[in-house]
Amino acid sequence: IDILYNHEKNHSVQIVIHSTNSLHGTTIEEYSLNFANEIELGQKYLNNGALITIAPNDRKVRIEIGYGLEWVISDNNAKDIVKEIIPYLKEKDYKKGIRLCIDRIITRSSKVSWKIENKASDRFS
């Protein structure tokens, strides 16, 4: 958890891991996108978050990348990461698979940083 907190603090990229027992009849793509929108993943107005969704009972995994981060981690990059972690998930070594996934996302997203300043302005008062 510290690695995710520190990455968000240093690069403003939010990474969330979500595990669910069931996709409730939806596709992994639909479920992940709905969840990412529900929790408002990423920084406001930047949409620079990454969601790792694992549904072990449905044998599905997906990395949802926010639009603001897609120029750093494309859909194809995310698919390649998923292919890399599937052997660990098949062996039920979720810890190793998730850690590898996090490492790959952090490596790619560490190349950028969004400096977000919270400046108060009274010009609209």
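In the block above lies the structure referred to throughout.
Within each chain, residues carry numbers counting from 1 in the order of the written sequence. Where totals are concerned, whole chains, interfaces and linings use all residues; where local detail is concerned, this predicted model gives features only for residues with pLDDT of at least 70, and gives and counts side-chain atom pairs only at 80 or more. Side-chain calculation: all heavy atoms of the structure are included, whereas hydrogens and water are not.

## Description of a positive patch on the surface
Patch rule: a residue counts if its relative accessible area is over 30% and it has no salt bridge; like charges are joined within 9 Å, and nonpolar side chains (Val, Leu, Ile, Met, Phe, Trp, Tyr) within 5 Å. The protein chains shown are the only cover counted for residues, whose accessible areas, like all others here, come from Shrake-Rupley with a 1.4 Å probe. Salt bridges, as used here, are contacts in which a Lys or Arg side-chain nitrogen is within 4 Å of a carboxyl oxygen on Asp or Glu. Residues scored as charged are limited to Lys and Arg (positive) and Asp and Glu (negative), so that His and the chain ends carry no count. Charge placement uses NZ in Lys and CZ in Arg. For Asp and Glu, CG and CD serve respectively. Among the surface-exposed residues, R59, K60, K90 and K92 lie close enough to one another that they form a single positively charged patch. Secondary structure elements follow DSSP: runs of H or I of four or more residues count as helices, runs of E of two or more count as strands, with numbering from the N terminus. Along the chain, K90 turns up in helix α3 (residues 75-90).

## A word on unusual backbone geometry
With a phi close to 60°, S12 is a non-glycine residue in the positive phi region. Tracing the backbone through its elements, the reader meets S12 in the loop between α1 (2-11) and β1 (14-19). Positive phi, close to 50°, is recorded for N47, a residue that is not glycine. With respect to the secondary-structure elements, N47 resides in the loop between α2 (28-38) and β2 (49-55).

## What about the pairing of β2?
Among the seven residues of β2, seven are classified as buried, and the element is accordingly described as predominantly covered. A two-sided burial pattern is seen for β2, the buried positions comprising G49, L51, T53 and A55 on one face and A50, I52 and I54 on the other. Here, strands pair whenever DSSP counts at least two bridges between them. Where β1 lies against β2, six bridges are found, and the strand directions are parallel. Paired with H18 across the two strands is T53, which belongs to β2. For the handedness criterion, the strands are oriented away from the viewer, and a crossover whose path from the first strand over the helix to the second runs clockwise is classed as right-handed. Regarding the hand of the β-α-β motif, the stretch spanning β1, α2 and β2 is right-handed. In the sheet, β2 pairs with strand β3 (residues 60-65) via six bridges, with the strands oriented antiparallel. From the neighbouring strand, I54 faces β3, where its bridge partner is V61. Categorising residues by exposure relies on relative accessible area from a 1.4 Å probe, with only protein chains included: less than 20% of the type maximum marks a residue as buried, more than 50% marks it as exposed, and the intermediate range marks it as partly exposed.

## Quick look at the nonpolar core
Counting 24 residues, the largest nonpolar core has I15, I52, I63, I65, L69, C101 and I105 as its most contacted members. Among the secondary structure elements, those contributing two or more residues to this core are β2, β3, α3 and α4 (94-109). Among all residues touching I52, those that are not within four sequence positions of it are I15, V16, I17, H18, R62, C101, I102 and I105. Note on terminology: a nonpolar core comprises buried Ala, Val, Leu, Ile, Met, Phe, Trp, Tyr and Cys residues joined through side-chain atoms within 4.5 Å. Counting residues in each nonpolar core, the second largest holds five residues, with V16, A36, L41 and L51 among its members. The contact criterion used is simple: two residues touch if any of their non-hydrogen atoms lie within 4.5 Å.

## Quick look at the side chain of H18
Positionally, H18 belongs in strand β1. Taking relative accessible area as the criterion, H18 reaches 15% and is therefore assigned buried. Polar contact is defined as a pair of N or O atoms within 3.5 Å, subject to the rule that within protein one atom must be able to donate a hydrogen and the other to accept it, and that residues adjacent in sequence are counted only when both atoms are side-chain atoms. Side-chain polar atoms of H18 contact the side chain of Y31, separated by 2.9 Å. Filtering out sequence-adjacent residues up to four positions away, H18 remains in contact with Y31, F35, L51, I52, T53 and I54.

## Looking at the packing of α1 against α4
Here the axes come from fitting lines to C-alpha atoms, over the contacting stretch only for helices, and the angles between their N-to-C directions go from 0 to 180 degrees. With their axes 12 Å apart at the nearest point, α1 and α4 run at an angle of 10° to one another. Of the possible angle classes, the one that applies to α1 and α4 is roughly parallel. Contact residues: α1 offers I3, L4, H7 and H11, while α4 offers R99, I102, D103, I106 and S109. The class makeup of the residues in the contact of α1 with α4 is four nonpolar, three polar and two charged. Any angle that is under 35 degrees is reported as roughly parallel, and any over 145 degrees as roughly antiparallel; angles of 65 to 115 degrees are reported as roughly perpendicular and all others as oblique. We call Asp, Glu, Lys and Arg charged. Ala, Val, Leu, Ile, Met, Phe, Trp, Tyr, Cys and Pro are nonpolar, and the rest, Gly among them, are polar.

## Looking at α1
Residues of α1 that are buried: L4, H7 and H11. End-on view of α1: buried residues confined to an arc of 65°, all on one side of the axis. Residues of α1 that are exposed and angled more than 90 degrees away from the buried face: D2, Y5 and K9. On its buried side, α1 packs onto β1 and α4. The arc in question is the one spanned by the directions pointing from the helix axis to the C-beta atoms.

Function cannot be read off these values alone, since they describe shape.
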